[in-house]
Amino acid sequence: MGSTPGKTGRQHHRHLGARFIAETLRGYGVTHVFYIDAILRRTLVEMEALGIRRIVTHSEKAAAYMADGYARASHRPGVCMAQSVGAANLAAGLQDAYLGLSPVIALTGRKPPLFQHRNAYQEIEHGPLFEPVTKYNVDVVIGEQLPYYLRQAFREATSGAPRPVHLDLLGARGEILEEQAVNAETVVEQAYTRYPSARPIPEPEQVQRAAQALERAERPVIVAGGGVRASSAAAEVVELAERLSIPVATSPNGKGTILDEHPLSVGLVGSYSRWCANRTVAEADLVLFVGSHTGDQVTHDWTLPKAGTQVIQIDVDPSELGKNYPNAIGLLGDAKVALRALLGALDSKTGDGRWSRQAQQWVREWESEMDSLRHSGAVPVRPERLCQELTDVLPASAILVSDTGYSAIWTGTLVRLTHLGQTYLRAAGSLGWAFPAALGAKCAAPERPVVCFTGDGGFLYHLSELETASRYGINTVTIVNNNSGLGQAIPGINRAYGDRPGDREALYHFRQVNYANIAQEMGCFGIRVEHPLAIAGAIRQALASERAAVVDVVTDLSCEAPTPWTPS
Ligand SMILES: Cc1ncc(C[n+]2csc(CCOP(=O)(O)OP(=O)(O)O)c2C)c(N)n1
């Protein structure tokens, strides 16, 4: 893309910043930008000419979440923008992308130096807002910086562990920078248009050590994290598991690495988990973490695996190797090529299957415990039944986007992924993320059905984006687990009250709201469901509606997720 040099190669390339930014984004394959006016207006005009879709949202945080969902679904950077006074809102929306390792490029405007430290209207310092949620955070004050900093933004976002970046552009709306001359050609470095941008190979000696440890282990387990999806390494994880009969657990972000019906799949491990997965990891004598941050959630406050268990880690970020498990055997590299190398280093021996049969037995016990809840005919609907119905109708190529909290526990543990073409994306922890993120995912993958699962508390955060969805025809299906309250909050609030009298319900109970009606009012398809037998048909109708759709399911606020299993 961009201007081509003349025959002599010495043609003078002079653009204005606006044209240069638009051409660079286009060149890097950006198809959508998510933003709220007023930012880069001249650039937006150039973008129209270049075919970039400009999605005007109803809050900067939602714009950031959309860019995040876009990035996670497409493996390409997502772009969001805000003017000066929107910068803090935009930065807040990057927290989930930062924690979820998603390459979002945030552009903001900033008033010129003469306005600084003099009570300028609508502006606080931007740098400190973005510092904890980005890996690259720079000011751009002259047009000539653009070629370097824009390229670096894509490079940083897509390299190593992908994460957000931020460019603060001169002018509250970036308008001063837009007018600056850029005397350079648009250069696109293809490697950084997507992630992983490179696939570094781990050191052979480490691969050998890991292979020997795996072969010696009697009860090995693989814990697959989000890095497996980032690296598209699911097939390699499953091949390794099958080769040595190794049970596979996943973090919420790693869900989808292995099909739920696979005999080696034990499910989600950690705090949002099935007990069978926690038990398997607790009993393991070796844990292979692949692309996992080994944080408090996936390890349930580092109780799983048990202290002293041998650990192997595969990670593209050297600072992760051994961070939480000292003396771990560390394979520094891309998950896909590291697993290939590991497979190549194994003797042909296979496991005897005793250990994996034990893990399977625990999975069967867990499944049978869930059976009656999954098929419960209760009204209001139980979330376990809702997840069963969703499993039955989720299309083979669907992207399922889940909110955090109970939404992540219900979908993560109970929605079975039955096709390799299904993708599961989940909030790293920010309530309300799922609906805007699903809209971004749909922009990135318009040919795939995108289904969002959220509680009513989560949905209310960005309900206004229903208007955005219907205005642009971003046709996702949002399933609202509508229990008229903050279900996950209840056990903790009850513990806080103990025996004391008082109005505890005031802390978690909402009005009853019909979200199907609200959806219709905003131009979407809306359907309300009160009986379990109506769920599947309603989701099918929503999928077929060819509109942005809401399936509002009235559910039981008293349903509590199981407490995570811990080793005694
Ligand atoms: C930004 C943010 N604020 C607060 C929380 C804490 N939190 C997690 S789940 C939850 C309740 C969610 O309620 P709802 O979306 O209705 O789902 P339910 O638990 O009822 O299924 C809260 C308040 C959070 N995760 N993120």
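About the criteria used
- Residues numbered from 1 in each chain as written.
- Predicted model: local features only at pLDDT ≥ 70, side-chain atom pairs only at ≥ 80, totals over all residues.
- Heavy atoms only, no water.
- Near = heavy atom within 4 Å.
- Polar contact = N/O pair within 3.5 Å; in protein donor to acceptor, adjacent residues only side chain to side chain.
- Areas by Shrake-Rupley, 256 points an atom, 1.4 Å probe, with all protein chains shown as cover.
- Helix = DSSP H or I, 4+ residues; strand = E, 2+ residues; numbered from the N terminus.
- Nonpolar A, V, L, I, M, F, W, Y, C, P; charged D, E, K, R; others polar.
- Pairing = 2+ DSSP bridges.
- Axes fitted to C-alpha atoms, helices over the stretch in contact; angles between N-to-C directions.
- Parallel < 35°, antiparallel > 145°, perpendicular 65-115°, else oblique.
- Left-handed = near helix turned anticlockwise from the far one by under 90°.
- Contact = heavy atoms within 4.5 Å.
- Buried < 20%, exposed > 50% of the residue type's maximum accessible area, 1.4 Å probe, protein only.
- pLDDT = per-residue confidence, 0-100.
- 1 Å grid on protein atoms, 1.4 Å probe; cavity = no way out; pocket = protein on both sides within 12 Å on 5 of 7 lines; lining within 4 Å.
- Points joined across faces, edges and corners; volume = space filled by probe spheres on them.
- Salt bridge = Lys/Arg side-chain N within 4 Å of Asp/Glu carboxyl O.

*Asks:* Quick question: what am I supposed to make of the site of the ligand here?
*Replies:* Around the ligand sit 16 residues, and of these Gly457, Gly458, Asn483, Gly487 and Gln488 come closest. Between an oxygen atom of the ligand and a side-chain N or O atom of Asp456, the distance comes to 3.0 Å. Gly487 has a polar backbone atom sitting 2.7 Å from an oxygen atom of the ligand. Protein coverage of the free-state accessible area of the ligand, which is 590 Å², stands at 74%. The element best represented in the shell around the ligand is helix H17 (residues 456-461), accounting for four residues. Of the residues assigned to the shell around the ligand, the class counts are four nonpolar, eleven polar and one charged.

*Asks:* I keep staring at the sheet that holds strand E12 (residues 286-290) and nothing clicks. Help me out?
*Replies:* The strands making up a sheet are joined through hydrogen bonds of the backbone, oriented either antiparallel or parallel. The sheet built from six strands is open, its strands ordered E11-E10-E9-E12-E13-E14 with parallel pairing. At either end of the open sheet lies a strand with only one pairing partner, and these are strand E11 (265-268) and strand E14 (329-332). Here the strands of the sheet are splayed against their neighbours by 15° on average, with no regard to which way each runs. As paired strands, strand E9 (residues 220-224) and E12 are joined by five bridges and run parallel to one another. Along E12, the bridge assignment pairs Val223 with Phe289.

*Asks:* Can you help me understand the packing of helix H3 (residues 60-74) against helix H16 (residues 434-444) in this one?
*Replies:* Contact geometry of H3 with H16 gives a least axis separation of 6 Å together with a crossing angle of 45°. Considering their axes alone, H3 and H16 lie oblique with respect to each other. Between H3 and H16 lies a crossing whose hand is right-handed. Contacts between H3 and H16 pair Ala62, Tyr65, Met66, Gly69, Tyr70, Ala73 and Ser74 from the former with Pro436, Ala437, Leu439, Gly440, Ala441, Cys443 and Ala444 from the latter. For the contact of H3 with H16, the residue count by class is eleven nonpolar, three polar and no charged.

*Asks:* Help me out: how do you make sense of helix H11 (residues 275-283) in this one?
*Replies:* Along an α-helix, residues three or four positions apart point the same way, because every turn accommodates 3.6 residues. Counting buried residues along H11, seven of its nine residues qualify, which places the element largely inside the surrounding structure. Here H11 has its buried residues at Trp275, Cys276, Ala277, Asn278, Thr280, Val281 and Ala282. Where H11 is buried, its residues touch E9, strand E10 (248-250), E11, E12 and helix H13 (354-374).

*Asks:* What exactly am I supposed to notice about the confidence of the model for the protein here?
*Replies:* A low pLDDT means the predicted coordinates there should not be read in detail. For the protein, per-residue confidence averages 96 on the pLDDT scale, and 98% of positions sit at 70 or higher. Segment residues 1-11 is flagged for pLDDT under 50; beyond a separation of four residues in sequence, or across chains, it makes 16 contacts in the model.

*Asks:* I tried to follow helix H1 (residues 17-27) on my own but got confused; where do I start?
*Replies:* Of all eleven residues in H1, nine are buried; the element is thus mostly enclosed. Those residues of H1 that fall on the buried side of the exposure criterion are Gly17, Ala18, Phe20, Ile21, Ala22, Glu23, Thr24, Leu25 and Gly27. Just past H1, the residue Gly29 takes up positive phi, approximately 90°.

*Asks:* Can you help me understand empty space enclosed by the protein in this one?
*Replies:* With a probe scaled to a water molecule rolled over the atoms, the places where space remains empty come into view. Considering all chains together, one arrives at three cavities of 30 Å³ or more under this definition. In terms of lining, the largest cavity is formed by Ser273, Trp366, Met370, Glu384, Ile409, Trp410, Thr413, Leu414 and Pro562. Looking at the lining of the largest cavity, the elements that each hand over two or more residues are H13 and helix H15 (406-414). The biggest single contributor to the lining of the largest cavity is H15, with four residues. Here the residues of the lining of the largest cavity sort into six nonpolar, two polar and one charged.

*Asks:* Got a minute to help me understand unusual backbone geometry in this structure?
*Replies:* Where the residue is not glycine, phi is negative for most of them; where a peptide bond is considered, it is trans in most cases. Residue Ala38 is bonded to the preceding Asp37 through a cis peptide linkage, with omega at 15°. Tracing the backbone through its elements, the reader meets Ala38 in the loop between strand E2 (32-35) and helix H2 (41-50). Across the junction of Val379 and Pro380, the peptide omega takes the value -5°, indicating a cis bond. Tracing the sequence through the fold places Pro380 in the loop between H13 and helix H14 (383-393). Even without glycine at this site, Ser245 takes up a positive phi of about 55°.

*Asks:* Is there a simple way to think about the packing of H14 against H15 in this case?
*Replies:* Each pair of packed helices can be described by the angle between their axes along with the distance between the axes. Here H14 crosses H15 at 50°, and the two axes come no closer than 9 Å. Looking at the two axes, H14 sits oblique to H15. Judged by the twist between their axes, the crossing of H14 over H15 is right-handed. Of H15, the residues touching H14 (which contributes Pro383, Glu384, Cys387 and Thr391) are Trp410, Thr411 and Leu414. Across the contact of H14 with H15, the residue classes break down as four nonpolar, two polar and one charged.

*Asks:* Help me out: how do you make sense of the sheet that holds strand E16 (residues 423-426) in this one?
*Replies:* Across the sheet, which stays open at both edges, the six strands sit in the order E16-E15-E17-E18-E20-E19 with parallel pairing between neighbours. In the strand order of this sheet, the two ends are held by E16 and strand E19 (525-529), each with one partner. With direction set aside, neighbouring strand axes in the sheet form an average angle of 15°. Bridge count between strand E15 (residues 399-402) and E16: four bridges; the pairing is parallel. What sits directly across from Val401, in E16, is Leu425. Relative to the sheet, H16 contacts E15, strand E17 (450-455) and strand E18 (477-482), its axis offset from that of E17 by approximately 175°. This element, helix H21 (residues 535-544), spans E17, E18, E19 and strand E20 (549-554) of the sheet and lies at about 175° to E19.

*Asks:* It is not clear to me how the pattern of salt bridges should be interpreted in this structure. Could you clarify?
*Replies:* In a structure, side chains of opposite charge can pair up when their charged atoms sit close to one another. Applying the stated criterion across every chain, the model contains 29 salt bridges. With a shortest N-O distance of 3.8 Å, Glu189 and Arg151 are connected by a salt bridge. In this pair, Glu189 is assigned in the loop between strand E8 (181-182) and helix H8 (204-216) and Arg151 in helix H6 (residues 146-158), connecting sequence segments 38 residues apart. Overlapping salt bridges, with partners in common, bring together Glu236, Glu239, Lys336 and Arg340 in one network.

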